[in-house]
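Listed below are the residues making up each chain.
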Amino acid sequence: MRAKLDSLVGRLSDINAALALENATRDMEQYKKLSREHSELSTLVSLYENYRRAERDAEEAREMAAEASLKSYADEELKKARAAMERLEGELQQALLPKDPNDERNIFLEVRAGTGGDESALFAGELFRMYARYAERQRWQVEIISESPSELGGCKEVIARIVGQGAYSKLKFESGGHRVQRVPATEAQGRIHTSACTVAVMPEADAVDAVVLNPAELRIDTFRASGAGGQHVNKTESAIRVTHLPTGIVVECQDSRSQHKNREKALGVLVAKIRDKQLREQQAKTASTRKSLIGSGDRSERIRTYNFPQGRVTDHRINLTLYKIDRVMDGELDELINALAAEQQAEQLAQFAEEAA
């Protein structure tokens, strides 16, 4: 670990020199990249300097302990220095853990009804509202890209773009199967039904590293938008459907009155879906047997159950059960999100310790 930290100290020195050059801002993209790296490394190097200072304090305390008159004081100082070293070592290990390059990105959120018919569609609508309320609490923007409403007021499918700092880092563990257990409003005999929905959280791609789309591999259809929007949407074919022929991925957008804007938004979702598919395939190949499903984005895996009669929400990946379903459905997701992030960090630290051993 020390060799890694020493190399990062050298890297920070190189970045400082590069940022101090007169023409540093000539290439703004490179300047921003170096500035971000500088910000990340500065915190890490500061921790390392504190650790080395604690090391020096410990060494000085050991030297003082050789003098009988100072032994009691030296022992106390050595105890403090060792405690600081232990704390800082833990913080350094956490700081050295690999960071997800997508964490600060905006996201595309897709909620899709699964088994359970109308009840599943109703729950899909409630799930989307839950995420929208959470986004509102975070002061993020929610922009609906496409929506397919059901007859009873739910959603067969809804795709939205969520814009906000750290959106992906907070919601990336939400991908997967969500199950609901409750008595549907249409159930006359009061029996509990089980329905399911799937959620997909995909980071928005930058123009720089976006997937290159071959126009020959795209089929673009226009159609009249459905739903609210007045006479205009019913008379013009402004809605867009894009099919990526190699993967079969289909994206629709009818949010705007402008066909051009809908096309742009649809292509943005398409790129995110293709990148997400590539990422999941890569994770499936490299995942070790000890790796849990946290962060794997496996859509087929049931990750959470919402049991309304018992008022509980259970996340099966970390065996966490909360008895406050109403508050969770109103967007109070911090306890779940923080527990999932802590579990992933614990896994990474365990792996880090194994590799360092």
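Placed above this text is the structure.
Since the model is a prediction, treat every value here as computed from it, not as a measurement. (Residues numbered from 1 in each chain as written. Predicted model: local features only at pLDDT ≥ 70, side-chain atom pairs only at ≥ 80, totals over all residues. Heavy atoms only, no water.)

A. Representation of the overall build of the protein chain within the structure. Regarding its fold elements, the protein chain presents 9 helices and 11 strands. In the protein chain, which comprises 357 residues, the share counted as buried stands at 39%. Carbon together with sulfur atoms contributes 47% to the accessible area of the protein chain, which is approximately 20,100 Å² in total. (Helix = DSSP H or I, 4+ residues; strand = E, 2+ residues; numbered from the N terminus. Buried < 20%, exposed > 50% of the residue type's maximum accessible area, 1.4 Å probe, protein only. Areas by Shrake-Rupley, 256 points an atom, 1.4 Å probe, with all protein chains shown as cover.)

B. Region of the structure containing the pairing of strand β5 (residues 193-203). Here 7 bridges tie strand β1 (residues 107-113) to β5, and the two strands are oriented antiparallel to one another. Bridge pairing in β5 places V111 opposite V199. Alignment of strand β4 (residues 176-182) against β5, held across 7 bridges, turns out to be antiparallel. Across the sheet, G177 pairs through a bridge with T198, a residue of β5. (Pairing = 2+ DSSP bridges.)

C. Representation of the packing of helix α1 (residues 2-19) against helix α2 (residues 28-64). It is at 9 Å that the axes of α1 and α2 come closest, and there the two elements cross at 135 degrees. Put simply, α1 runs oblique to α2. As for how α1 packs across α2, the hand of that crossing is left-handed. Broken down by class, the residue content of the contact of α1 with α2 amounts to 14 nonpolar, 4 polar and 6 charged. (Axes fitted to C-alpha atoms, helices over the stretch in contact; angles between N-to-C directions. Parallel < 35°, antiparallel > 145°, perpendicular 65-115°, else oblique. Left-handed = near helix turned anticlockwise from the far one by under 90°. Nonpolar A, V, L, I, M, F, W, Y, C, P; charged D, E, K, R; others polar.)

D. Quick peek at the nonpolar core. Grouped together as the largest cluster of nonpolar side chains are 36 residues, with contacts concentrated most on L109, V111, L171 and Y306. Put simply, the parts of the chain that give this core at least two residues each are β1, α4 (117-137), β3 (155-163), α5 (167-171), β5, β11 (320-322), α8 (325-329) and α9 (334-356). Not counting residues up to four positions away in its chain, the partners in contact with L109 are F128, Y131, V158, I159, A160, I162, V199, A200 and V201. Among the nonpolar cores identified, the runner-up in size contains 21 residues, and I15, L34, A61 and L92 belong to it. (Core = buried A, V, L, I, M, F, W, Y, C linked by side-chain atoms within 4.5 Å. Contact = heavy atoms within 4.5 Å.)

E. Molecular detail of the state of the cysteines. Inspection of every chain in the model, using the stated rule, returns 0 disulfides. With no disulfide of its own, C197 lies 9.8 Å from the sulfur of C155, the closest cysteine sulfur. (Disulfide = S-S within 2.5 Å.)

F. A look at α4. With 21 residues, α4 extends 31 Å between its outermost C-alpha atoms, agreeing within 8% with the 30 Å of an ideal straight helix rising 1.5 Å per residue. Where α4 ends, the next residue or the one after it, R139, has phi of about 65 degrees, a positive value. (Expected span 1.5 Å × (residues − 1).)

G. Quick peek at α2. Its 37 residues give α2 an end-to-end C-alpha distance of 53 Å, which sits within 8% of 54 Å, the value for a rise of 1.5 Å per residue. Taken together, the buried positions of α2 are L34, L41, L44, V45, L47, Y48, Y51, A54, A58 and A61. The inward-facing, buried residues of α2 contact α1 and α3 (71-96).

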